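Listed here are the chains, written in short residue letters.
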Amino acid sequence: GAGVSQSPSNKVTEKGKDVELRCDPISGHTALYWYRQSLGQGLEFLIYFQGNSAPDKSGLPSDRFSAERTGGSVSTLTIQRTQQEDSAVYLCASSFGLAGESYEQYFGPGTRLTVT
Amino acid sequence: AQSVAQPEDQVNVAEGNPLTVKCTYSVSGNPYLFWYVQYPNRGLQFLLKYITGDNLVKGSYGFEAEFNKSQTSFHLKKPSALVSDSALYFCAVRETARAGGFKTIFGAGTRLFVKA
(Lines give C-alpha, C1' and ligand atoms only; values in the text may rest on other atoms or scores of the structure.)
Protein backbone atom coordinates (compact mmCIF):
# COMPACT_ATOMS: atom_id res chain seq x y z
CA GLY A 1 0.00 0.00 0.00
CA ALA A 2 0.92 3.64 -0.15
CA GLY A 3 3.44 4.85 2.36
CA VAL A 4 4.00 8.27 3.87
CA SER A 5 4.60 10.86 1.19
CA GLN A 6 6.20 14.25 1.50
CA SER A 7 6.47 17.19 -0.84
CA PRO A 8 8.50 18.79 -2.13
CA SER A 9 11.43 16.40 -2.03
CA ASN A 10 13.83 19.32 -2.28
CA LYS A 11 13.35 22.98 -1.53
CA VAL A 12 15.86 25.76 -1.97
CA THR A 13 14.82 29.11 -0.59
CA GLU A 14 16.35 32.45 0.19
CA LYS A 15 16.91 33.54 3.74
CA GLY A 16 13.89 35.40 5.06
CA LYS A 17 11.34 33.63 2.87
CA ASP A 18 8.55 31.44 4.20
CA VAL A 19 8.29 27.76 3.25
CA GLU A 20 5.59 25.12 3.55
CA LEU A 21 6.34 21.42 3.72
CA ARG A 22 3.61 18.87 3.21
CA CYS A 23 3.08 15.38 4.62
CA ASP A 24 0.49 12.79 3.61
CA PRO A 25 0.39 10.05 6.24
CA ILE A 26 -0.66 6.47 5.74
CA SER A 27 -4.43 6.17 5.60
CA GLY A 28 -5.84 5.16 8.98
CA HIS A 29 -2.87 6.36 10.99
CA THR A 30 -4.03 8.77 13.66
CA ALA A 31 -0.61 9.86 14.89
CA LEU A 32 1.66 12.12 12.84
CA TYR A 33 5.13 13.34 13.70
CA TRP A 34 7.56 15.89 12.31
CA TYR A 35 11.30 15.59 12.87
CA ARG A 36 14.34 17.47 11.66
CA GLN A 37 17.61 15.79 10.74
CA SER A 38 20.74 17.73 10.04
CA LEU A 39 23.28 16.15 7.71
CA GLY A 40 24.06 12.65 8.97
CA GLN A 41 22.89 13.52 12.44
CA GLY A 42 20.18 12.33 14.79
CA LEU A 43 16.50 13.08 14.74
CA GLU A 44 15.20 16.20 16.41
CA PHE A 45 11.56 15.92 17.43
CA LEU A 46 9.49 18.91 16.34
CA ILE A 47 5.77 18.26 16.79
CA TYR A 48 3.29 15.42 17.30
CA PHE A 49 -0.37 15.19 16.35
CA GLN A 50 -2.65 12.54 17.83
CA GLY A 51 -6.15 12.42 16.42
CA ASN A 52 -8.12 15.52 17.33
CA SER A 53 -6.12 16.27 20.46
CA ALA A 54 -4.06 19.41 20.82
CA PRO A 55 -0.63 18.75 19.33
CA ASP A 56 2.54 18.37 21.35
CA LYS A 57 4.58 21.32 20.13
CA SER A 58 7.34 20.96 22.67
CA GLY A 59 10.01 20.36 20.06
CA LEU A 60 9.45 23.38 17.86
CA PRO A 61 12.71 25.39 17.99
CA SER A 62 11.17 28.85 17.68
CA ASP A 63 7.92 30.67 17.00
CA ARG A 64 8.89 30.81 13.33
CA PHE A 65 7.89 27.16 13.15
CA SER A 66 4.27 26.04 13.09
CA ALA A 67 2.32 23.05 11.89
CA GLU A 68 -1.24 22.10 11.31
CA ARG A 69 -3.07 18.96 10.45
CA THR A 70 -6.30 19.26 8.54
CA GLY A 71 -9.06 16.72 8.89
CA GLY A 72 -6.84 14.40 10.85
CA SER A 73 -4.85 13.58 7.74
CA VAL A 74 -2.55 15.85 5.74
CA SER A 75 -0.12 18.02 7.70
CA THR A 76 1.76 21.16 6.74
CA LEU A 77 4.88 22.38 8.49
CA THR A 78 5.48 26.09 7.95
CA ILE A 79 8.73 27.89 8.58
CA GLN A 80 8.53 31.66 8.50
CA ARG A 81 11.43 33.99 7.79
CA THR A 82 13.78 31.09 7.14
CA GLN A 83 17.32 31.19 8.43
CA GLN A 84 20.37 29.30 7.22
CA GLU A 85 20.34 27.15 10.35
CA ASP A 86 16.93 25.85 9.26
CA SER A 87 18.66 23.92 6.48
CA ALA A 88 18.06 20.22 7.15
CA VAL A 89 16.00 17.25 6.08
CA TYR A 90 12.50 17.44 7.49
CA LEU A 91 11.00 14.01 8.10
CA CYS A 92 7.37 13.14 8.62
CA ALA A 93 6.18 9.88 10.15
CA SER A 94 2.83 8.35 10.99
CA SER A 95 1.62 5.47 13.11
CA PHE A 96 -1.45 3.96 14.65
CA GLY A 97 -1.72 6.27 17.61
CA LEU A 98 -4.27 5.02 20.06
CA ALA A 99 -3.69 5.56 23.76
CA GLY A 100 -1.13 3.08 24.96
CA GLU A 101 0.28 2.75 21.49
CA SER A 102 3.16 0.45 20.91
CA TYR A 103 3.16 0.91 17.19
CA GLU A 104 6.19 1.66 15.12
CA GLN A 105 6.42 4.75 12.97
CA TYR A 106 6.51 4.80 9.21
CA PHE A 107 8.64 7.52 7.75
CA GLY A 108 8.36 9.50 4.58
CA PRO A 109 11.34 10.17 2.31
CA GLY A 110 11.82 13.64 3.74
CA THR A 111 12.09 17.15 2.36
CA ARG A 112 15.59 18.51 2.01
CA LEU A 113 15.46 22.23 2.78
CA THR A 114 18.35 24.47 1.83
CA VAL A 115 18.28 28.10 2.89
CA THR A 116 20.72 30.26 0.95
CA ALA B 1 11.50 12.13 31.00
CA GLN B 2 12.32 9.03 29.05
CA SER B 3 15.58 8.92 27.15
CA VAL B 4 17.87 6.64 25.20
CA ALA B 5 21.62 6.75 24.85
CA GLN B 6 23.73 5.30 22.07
CA PRO B 7 27.26 5.48 23.46
CA GLU B 8 29.03 4.80 20.16
CA ASP B 9 28.98 7.28 17.31
CA GLN B 10 30.44 4.65 15.00
CA VAL B 11 30.92 0.89 14.95
CA ASN B 12 33.28 -0.86 12.55
CA VAL B 13 33.04 -4.58 11.87
CA ALA B 14 34.33 -6.96 9.24
CA GLU B 15 31.88 -8.75 7.00
CA GLY B 16 30.92 -12.12 8.42
CA ASN B 17 31.68 -11.11 12.00
CA PRO B 18 28.98 -10.59 14.60
CA LEU B 19 27.91 -7.01 15.22
CA THR B 20 26.49 -5.21 18.24
CA VAL B 21 25.12 -1.69 18.36
CA LYS B 22 24.56 -0.52 21.91
CA CYS B 23 21.59 1.26 23.43
CA THR B 24 20.71 2.07 27.02
CA TYR B 25 17.48 3.60 28.18
CA SER B 26 15.94 5.48 31.05
CA VAL B 27 12.21 5.18 31.55
CA SER B 28 9.63 5.27 34.27
CA GLY B 29 7.39 2.26 34.03
CA ASN B 30 7.59 -0.43 31.40
CA PRO B 31 9.72 0.51 28.41
CA TYR B 32 8.59 0.34 24.82
CA LEU B 33 11.81 0.18 22.81
CA PHE B 34 12.49 0.34 19.09
CA TRP B 35 15.32 0.11 16.57
CA TYR B 36 15.22 1.93 13.24
CA VAL B 37 17.71 1.94 10.38
CA GLN B 38 18.51 4.60 7.81
CA TYR B 39 20.31 3.34 4.73
CA PRO B 40 22.25 5.85 2.61
CA ASN B 41 19.89 8.06 0.60
CA ARG B 42 16.88 6.17 1.87
CA GLY B 43 14.23 6.83 4.48
CA LEU B 44 14.13 5.58 8.02
CA GLN B 45 12.81 2.05 8.40
CA PHE B 46 11.52 0.18 11.40
CA LEU B 47 13.64 -2.86 12.35
CA LEU B 48 12.15 -4.28 15.53
CA LYS B 49 10.50 -3.45 18.83
CA TYR B 50 10.23 -4.70 22.39
CA ILE B 51 6.92 -4.26 24.17
CA THR B 52 6.64 -7.25 26.46
CA GLY B 53 7.38 -10.95 26.49
CA ASP B 54 10.59 -12.62 25.38
CA ASN B 55 13.70 -10.59 26.02
CA LEU B 56 15.15 -11.55 22.64
CA VAL B 57 13.31 -9.82 19.83
CA LYS B 58 13.80 -10.74 16.20
CA GLY B 59 13.35 -8.25 13.43
CA SER B 60 13.99 -7.52 9.78
CA TYR B 61 17.13 -8.37 7.80
CA GLY B 62 18.33 -10.92 10.37
CA PHE B 63 18.68 -8.41 13.19
CA GLU B 64 17.72 -9.11 16.76
CA ALA B 65 17.85 -7.18 20.01
CA GLU B 66 18.09 -8.25 23.60
CA PHE B 67 16.15 -6.47 26.29
CA ASN B 68 18.02 -6.48 29.60
CA LYS B 69 16.04 -4.90 32.39
CA SER B 70 18.75 -5.06 35.04
CA GLN B 71 21.23 -3.29 32.76
CA THR B 72 18.55 -1.06 31.17
CA SER B 73 19.93 -1.99 27.77
CA PHE B 74 18.49 -2.91 24.40
CA HIS B 75 21.48 -3.76 22.22
CA LEU B 76 21.02 -4.54 18.54
CA LYS B 77 22.79 -7.63 17.26
CA LYS B 78 23.38 -9.66 14.14
CA PRO B 79 25.34 -12.94 14.05
CA SER B 80 27.03 -12.26 10.71
CA ALA B 81 27.38 -8.76 9.31
CA LEU B 82 26.94 -7.89 5.64
CA VAL B 83 28.45 -4.95 3.80
CA SER B 84 24.88 -3.95 2.98
CA ASP B 85 24.18 -3.52 6.71
CA SER B 86 26.27 -0.35 6.64
CA ALA B 87 23.85 2.36 7.71
CA LEU B 88 22.81 4.70 10.49
CA TYR B 89 20.98 2.96 13.34
CA PHE B 90 18.68 4.64 15.83
CA CYS B 91 17.41 3.33 19.14
CA ALA B 92 14.14 4.83 20.35
CA VAL B 93 11.82 4.79 23.35
CA ARG B 94 8.19 5.70 23.77
CA GLU B 95 7.48 8.72 25.94
CA THR B 96 4.27 10.26 27.14
CA ALA B 97 3.49 13.35 25.10
CA ARG B 98 2.04 16.55 26.46
CA ALA B 99 -1.72 16.78 26.16
CA GLY B 100 -2.00 13.02 26.11
CA GLY B 101 -0.85 10.30 23.80
CA PHE B 102 2.66 9.10 23.25
CA LYS B 103 5.62 10.09 21.16
CA THR B 104 8.92 8.41 20.40
CA ILE B 105 12.27 9.76 21.50
CA PHE B 106 15.23 8.80 19.32
CA GLY B 107 18.85 8.33 20.27
CA ALA B 108 21.60 10.22 18.49
CA GLY B 109 22.29 7.33 16.16
CA THR B 110 25.22 4.98 15.57
CA ARG B 111 26.85 4.69 12.19
CA LEU B 112 27.75 1.10 11.31
CA PHE B 113 30.50 0.41 8.81
CA VAL B 114 30.90 -3.16 7.58
CA LYS B 115 34.12 -3.79 5.65
CA ALA B 116 34.40 -6.52 3.05
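About the criteria used
- Residues numbered from 1 in each chain as written.
- Chains lettered and ligands numbered in written order.
- Predicted model: local features only at pLDDT ≥ 70, side-chain atom pairs only at ≥ 80, totals over all residues.
- Heavy atoms only, no water.
- Core = buried A, V, L, I, M, F, W, Y, C linked by side-chain atoms within 4.5 Å.
- Buried < 20%, exposed > 50% of the residue type's maximum accessible area, 1.4 Å probe, protein only.
- Helix = DSSP H or I, 4+ residues; strand = E, 2+ residues; numbered from the N terminus.
- Contact = heavy atoms within 4.5 Å.
- Salt bridge = Lys/Arg side-chain N within 4 Å of Asp/Glu carboxyl O.

Draft legend 1. Inspection of the nonpolar core at higher detail. Core analysis: the largest hydrophobic core is formed by 27 residues, its most contacted members being B:Trp35, B:Leu47, B:Leu48, B:Phe74, B:Leu76 and B:Tyr89. Those elements that place two or more of their residues in this core are strand 2 (10-14), strand 3 (19-21), strand 5 (33-38), strand 6 (44-50), strand 8 (64-68), strand 9 (73-78), strand 10 (87-96) and strand 12 (110-115) of chain B. At four residues, strand 10 of chain B tops the list of elements feeding residues into this core. Dropping the residues within four chain positions of it, B:Leu48 is found in contact with B:Leu33, B:Phe34, B:Trp35, B:Val57, B:Lys58, B:Gly59, B:Phe63, B:Glu64, B:Ala65, B:Phe74 and B:Leu76. A:Phe49, A:Leu60, A:Leu77 and A:Val115 belong to the second-largest nonpolar core, a separate cluster that totals 20 residues.

Draft legend 2. How the structure looks around unusual backbone geometry. Between A:Ser7 and the following residue, A:Pro8, the backbone shows a cis peptide bond with an omega angle of -10°. Looking at the secondary structure, you find A:Pro8 in the loop between strand 1 (5-7) and strand 2 (10-13). Positioned with a positive phi, A:Arg81 is a non-glycine residue whose angle comes to about 50°. Relative to the assigned elements, A:Arg81 resides in the loop between strand 7 (75-79) and strand 8 (88-95). Its identity is not glycine, yet B:Thr72 carries a phi of approximately 45°, on the positive side. Residue classification places B:Thr72 among the partly exposed residues on the basis of a relative accessible area of 32%.

Draft legend 3. Focus on the environment of A:Glu44. Residue and element names in this part refer to chain A. Its place among the elements puts glutamate 44 in strand 5 (residues 43-50). Glutamate 44 sits 63 residues away from phenylalanine 107 along the chain, and the two C-alpha atoms are 14 Å apart. In this structure, glutamate 44 is in contact with Trp34, Tyr35, Arg36 and Gly59, ignoring residues within four places of it in sequence.

Draft legend 4. Structural context of the pattern of salt bridges. All names here are of chain B. Under the definition given, this model contains seven salt bridges over all chains. Between lysine 58 and glutamate 64 there is a salt bridge, with the nearest N and O atoms lying 2.9 Å from each other. Judged by relative accessible area, which is 61%, lysine 58 ranks as exposed. Its relative accessible area of 18% is what places glutamate 64 among the buried residues. Linking lysine 77 and glutamate 66 is a salt bridge whose minimum nitrogen-to-oxygen distance equals 3.4 Å. Taken together, the positions of lysine 77 in strand 9 and glutamate 66 in strand 8 put the pair eleven residues apart, joining distant regions of the chain. Look at lysine 77 and you get partly exposed, because its relative accessible area is 29%.

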